[in-house]
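# Close look at the chain arrangement
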Amino acid sequence: MSTLTPTGAPPAAGTPRGPGRRRRIALVPTVTLLLGALYCLLPVAWVVIASTKSGSELFATFTFWPGTGFAENLSDLGAYRDGVYWQWMGNSALYAGLGALLSTCVSAVSGYALATYRFRGREALFSVLLAGVLMPPVILAVPQYLLLAQADLTDSHLSVLLPQILSPYGVYLARIYAAAAVPADVVEAGRMDGAGEWRIFTRVALPMMLPGLVTVFLFQFVAIWNNFLLPYIMLSDDEKFPITLGLYTLLEQGASTPALYTLVITGAFLAVFPLVALFLVIQRFWSLDLLSGAVKS
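What this report covers is the structure whose coordinates are included nearby. (Residues numbered from 1 in each chain as written. Predicted model: local features only at pLDDT ≥ 70, side-chain atom pairs only at ≥ 80, totals over all residues. Heavy atoms only, no water.)

## Here's the deal with the packing of helix α4 (residues 84-116) against helix α8 (residues 168-181)
How two helices sit against one another is set out by the angle between their axes and by the gap between those axes. Note the threshold: Interaxial angle, 0 to 180 degrees, is taken between N-to-C directions of lines fitted to C-alpha atoms, where a helix line uses only the stretch in contact. Secondary structure is summarised from DSSP: a helix means a run of H or I of at least four residues, a strand means a run of E of at least two, and numbering begins at the N terminus for each. An angle counts as roughly parallel when it lies under 35 degrees, as roughly antiparallel when it exceeds 145, as roughly perpendicular when it falls between 65 and 115, and as oblique in every other case. Should the near helix be turned anticlockwise from the far one by less than a right angle, the crossing is left-handed, and should it be turned clockwise, the crossing is right-handed. Contact criterion: two residues are considered in contact whenever any of their non-hydrogen atoms come within 4.5 Å of each other. Basically, the charged four are Asp, Glu, Lys and Arg, the nonpolar ten are Ala, Val, Leu, Ile, Met, Phe, Trp, Tyr, Cys and Pro, and anything else, Gly included, counts as polar.
Contact pair α4 / α8: the axes reach a minimum separation of 7 Å and the direction vectors enclose 50 degrees. Relative to α8, the element α4 is oriented oblique. Where α4 crosses over α8, the two elements pack in a sense that is right-handed. Packed against α4, whose contacting residues are Ser107, Ala108, Ser110, Gly111, Tyr112, Leu114 and Ala115, the element α8 presents Gly170, Val171, Ala174, Arg175, Ala178 and Ala179 at the interface. For the contact of α4 with α8, a count of residues per class yields 8 nonpolar, 4 polar and 1 charged.

In structure tokens, the structure reads:
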């Protein structure tokens, strides 16, 4: 015989205690995320505020108190060695923009082929690709330098561009996205209509893969823009330096010339803007439906 619990009786031990308890539990991930965001944004806030300080204010005022020397810092940075900073920015734009574009094209073709075609050794090739994803870039930098030195390509723009074109992680992402976004029936329908494989890829599969390829492009752009080790090994002419290596040379000189510290901080602050602008420009592509591109074509 079942027993009835009287109305208003306290809940049994171990049972949830209502909306109040659930709200308290939900606060834990929120607080954790806020602490993580604070940890990530605090250095950015320091760079923004420090870039407004003159050389005398940088070490003499409170860390998070704005200064009055931002305009002077910009002027000094632009005038340093006849504007070599802007040349470094242009080099970074060249390396990151062209390198990310070429890498995205290679990743798109490779990922589509691995996802669509069945051939002997495909899984073994994909396993090697996964091993490349796990390989730290620092291990490959010296062998890449030796190979390019044999081809007499070191200390050139190509020495920084060529190693960036093939991205195992980009191919991996493109393969996963192509397998999910490009239905096999659509590919077969294109073949039945008499379209060639290249036409199917460019007119049918590529529009479907566009949101994923935008992600690959963004990841590669950020990785190349922030890359330091490869240019450091490959380049000796400072007029070919990217912004990361250029600011590093300024920082080294700051040990003997403290006035250069303000230029380094201001330069680091300005170097963030291209990444933020790129993200704001291309983020709309992530909202596209998987099949919207194919419908438009």
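## Notes on the packing of helix α13 (residues 260-271) against helix α14 (residues 273-282)
Orientation of α13 relative to α14, taken along the N-to-C sense of each, is 10 degrees, at an axis distance of 5 Å. Classified by the angle between their axes, α13 and α14 sit roughly parallel to one another. Of the residues in α14, those in contact with Phe269, Leu270 and Ala271 of α13 are Phe273, Pro274 and Leu275. When grouped by side-chain class, the residues that make up the contact of α13 with α14 number 6 nonpolar, no polar and no charged.

## Re the packing of aromatic side chains
The condition that has to hold: Here a pair means two rings of Phe, Tyr or Trp (six-membered ring of Trp) with centres within 6.5 Å. Their orientation is stacked below 30 degrees between planes, edge-to-face above 60, and tilted elsewhere. Exposure is judged per residue with a 1.4 Å probe applied to protein chains only, and the accessible area is read against the type maximum: over 50% gives exposed, under 20% gives buried, and values in between give partly exposed.
Under the definition given, this model contains 16 aromatic pairs. Plain terms: the ring middles of phenylalanine 70 and phenylalanine 269 are 6.0 Å apart, the flat faces sit at 75 degrees to each other, and that makes the pair edge-to-face. Within this pair, whereas phenylalanine 70 is found in helix α3 (residues 70-79), its partner phenylalanine 269 is found in helix α13, the two being separated by 199 residues in sequence. When the ring of tyrosine 169 is compared with that of tyrosine 172, the centres are 6.4 Å apart and the planes differ by 25 degrees; the resulting orientation is stacked. Linking tyrosine 169 with tyrosine 172, this pair stays in helix α8, spanning 3 residues, or about one helical turn. Look at tyrosine 169 and you get partly exposed, because its relative accessible area is 39%. Assessed through its relative accessible area of 27%, tyrosine 172 is described here as partly exposed. Ring pairs connect the aromatic residues Tyr112, Tyr117, Trp198 and Phe201, which therefore count as one cluster.

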